[in-house]
Amino acid sequence: MPSARLPLQALLAVLMVQAAAAESIPLPQPKPEIGIHSDKPIDKPLPQPATTAEPAPLPSADTINPDRFGAKPADAAYGAFQRGLYKTAYNLALVRAQNGDPAAQTLVAEILSRGLGVPLNSAEAAKWYALAAEQGVPESQFQYALMLLDGRYVKKDEKGAYALMQAAAEAGNRLAQFNFAQMLVEQDPGDAGIAKAVSYYERAAATGLADAQYAMSQIYANGVGGKQRDDVQARRLLAQAARQNYDTAQIDLAAWMIEGRGGARDLKSAFGWMKQAAEGGNVAAQNRLAKLYMQGIGTDPDLVLAGAWYIVARRAGLIDPQMDDFLQGLSDDETKQALQKANRLP
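Now for a look at the structure at hand. One numbering rule holds for all chains: residues counted from 1, following each sequence as written. Confidence filtering applies because this is a predicted model: local features only for residues at pLDDT of at least 70, side-chain atom pairs given and counted only at 80 or more, and all residues used for totals across whole chains, interfaces and linings. Each side-chain value is worked out from all heavy atoms of the structure, with water and hydrogens disregarded.

1. A short note on the environment of Gln-250
Working step 1: Think of it this way: any DSSP run of H or I at least four residues long counts as a helix, any run of E at least two long counts as a strand, and we number them from the N terminus. For Gln-250, the location among the structural elements is in helix H12 (residues 247–259).
Working step 2: C-alpha of Gln-250 to C-alpha of Gln-240: the two residues are ten residues apart in sequence and 9.6 Å apart in space.
Working step 3: Non-local contacts of Gln-250, meaning those with residues more than four positions away in its chain, are made with Ala-242, Asn-245, Trp-273, Gln-276 and Ala-277. Residue contacts follow a heavy-atom distance rule, with two residues in contact if any of their heavy atoms lie within 4.5 Å.

Structural data, given as structure tokens:
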């Protein structure tokens, strides 16, 4: 089953082109002496909320929102679902779903699409999502739109997906709002497309969706889509996304704090955000953290840890000539210690 978010590359590509063509501010650049952005681009520079990834883990019972199922089904089926009794929930909901209840149809589709207590069956889930989508359930409209875009379990239909995604977005589904914004940017890859998408990004960002917060941070940072450049607002949005463990936002926020862009310089906090992204597995952050250790920015200089973090990044395929030279300059004992520490790092 496709996952919940389309990639941000289209928006970011437009922003980078516009930043180069006009005199708008490019994506965050640190002070030259820090050298954070000199590493070779990696294959996957941004988190990939792609339609081909596996679905996110099911939320705990305490966080499940019954509105996702098109109503507030305070009944035995939904109660069983909340308690993790998925097979029971499926059996109870199936009868209602077969009788045309859209909330039950969505619940059945959810269970089938994740294989909760029953064999995973995405094709069958698609049928139930389609039936509930026809009755206007935003969650089903959104999920079925993803399936229509993906084309693995139903016939690919981009026009149908567009209509359903827009309907779900207008109904207030925050993931649909973000995805519909992405579709608008991909459809019209220029400032006009971003201007159309901004209201949907904003609505999703206001709900706390980290992807949308990051997208809006880039729009404010570059002054596009009808928005004036506003570094303070951009930094505030970066911080919101970073606090949700959005690693690209953590990297950018660290760079902005080092520069003093959009607020005061804060080297210690910058180091902390970069370290968090690095420990989370972001390869670019691992390399940049190595540079912070090497130059003692926001922390005490530590050549061994600098070497260790660069070794971790290099093993993942990132090559930085500056850091290669640094590694070659370590003593044999420092290199040995760096290798030992690298082997224990995430």
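Once you've had a look at it, read on.
2. Some points on unusual backbone geometry
Working step 1: A positive phi angle, near 70 degrees, is found at Asn-245, a position not held by glycine.
Working step 2: In this structure, Asn-245 sits in the loop between helix H11 (231–243) and H12.

3. Here we look at the packing of helix H14 (residues 283–295) against helix H16 (residues 321–328)
Working step 1: Working convention: axes come from line fits to C-alpha atoms, limited for helices to the stretch in contact. Angles between N-to-C directions cover 0 to 180 degrees. Relative orientation of the contacting elements H14 and H16 amounts to 50 degrees, with a least axis distance of 11 Å. Taken together, the axes of H14 and H16 lie oblique to each other. Crossing hand, H14 versus H16: left-handed. Here Asn-287, Ala-290, Lys-291, Met-294 and Gln-295 of H14 lie close against H16, whose contacting residues are Gln-322, Met-323 and Phe-326.
Working step 2: Considered class by class, the residues forming the contact of H14 with H16 number four nonpolar, three polar and one charged. Any angle from 65 to 115 degrees is called roughly perpendicular, while one under 35 is roughly parallel, one over 145 is roughly antiparallel, and all others are oblique. With the far helix as reference, a near helix turned anticlockwise by less than a right angle produces a left-handed crossing, and one turned clockwise produces a right-handed crossing. Amino acids are sorted into nonpolar (Ala, Val, Leu, Ile, Met, Phe, Trp, Tyr, Cys and Pro), charged (Asp, Glu, Lys and Arg) and polar (every other residue, Gly among them).

4. Brief notes about the nonpolar core
Working step 1: Here the nonpolar core consists of buried residues drawn from Ala, Val, Leu, Ile, Met, Phe, Trp, Tyr and Cys, with membership extended through side-chain atoms lying within 4.5 Å. We call a residue buried when its accessible area falls under 20% of the maximum for its residue type, exposed when it is over 50%, and partly exposed in between, using a 1.4 Å probe and counting protein chains only. In this structure, Val-108, Ile-111, Tyr-144, Met-165, Tyr-201 and Met-216 are the most contacted members of the largest nonpolar core, which totals 107 residues.
Working step 2: Residue contributions to this core peak at nine residues, all from helix H15 (residues 303–315).
Working step 3: Met-165 has contacts with Phe-142, Ala-145, Leu-146, Leu-149, Ala-176, Asn-179, Phe-180 and Met-183, leaving out every residue within four places of it along the chain.

5. As for the pattern of salt bridges
Working step 1: Salt bridge criterion: a side-chain nitrogen from Lys or Arg within 4 Å of a carboxyl oxygen from Asp or Glu. Under the criterion given, the structure shown has twelve salt bridges.
Working step 2: Between Arg-114 and Glu-110 there is a salt bridge whose closest N-O contact spans 3.2 Å. One end of the pair, Arg-114, and the other, Glu-110, are both in helix H4 (residues 102–114), four residues apart, so they sit about a helical turn from each other.
Working step 3: On the basis of relative accessibility, which here comes to 22%, the residue Arg-114 falls in the partly exposed class.
Working step 4: Residue Arg-261 is joined to Asp-231 by a salt bridge in which the shortest nitrogen-to-oxygen separation is 3.2 Å. Note that Arg-261 is positioned in the loop between H12 and helix H13 (267–279) and Asp-231 in helix H11, a separation of 30 residues in sequence. In terms of burial, Arg-261 and Asp-231 fall into one category: buried.
Working step 5: Residues joined in a network through salt bridges with shared partners are Arg-229, Asp-231 and Arg-261.

6. As for the packing of aromatic side chains
Working step 1: Only rings of Phe, Tyr and Trp enter the pairing, Trp through its six-membered ring, and a pair is recorded when the two centres are within 6.5 Å. The plane angle decides the type: under 30 degrees is stacked, over 60 is edge-to-face, the rest tilted. According to the stated counting rule, one finds seven aromatic pairs in the structure shown.
Working step 2: Their ring planes at 65 degrees and their centres at 5.0 Å tell us that Tyr-162 and Phe-180 sit as a pair that is edge-to-face. Of this pair, Tyr-162 sits in helix H7 (residues 158–170) while Phe-180 sits in helix H8 (residues 174–187), and the two are 18 residues apart along the sequence.
Working step 3: A residue is classified by how much of its surface remains accessible, and Tyr-162, at 23% relative accessible area, is partly exposed.
Working step 4: Taking relative accessible area as the criterion, Phe-180 reaches 1% and is therefore assigned buried.

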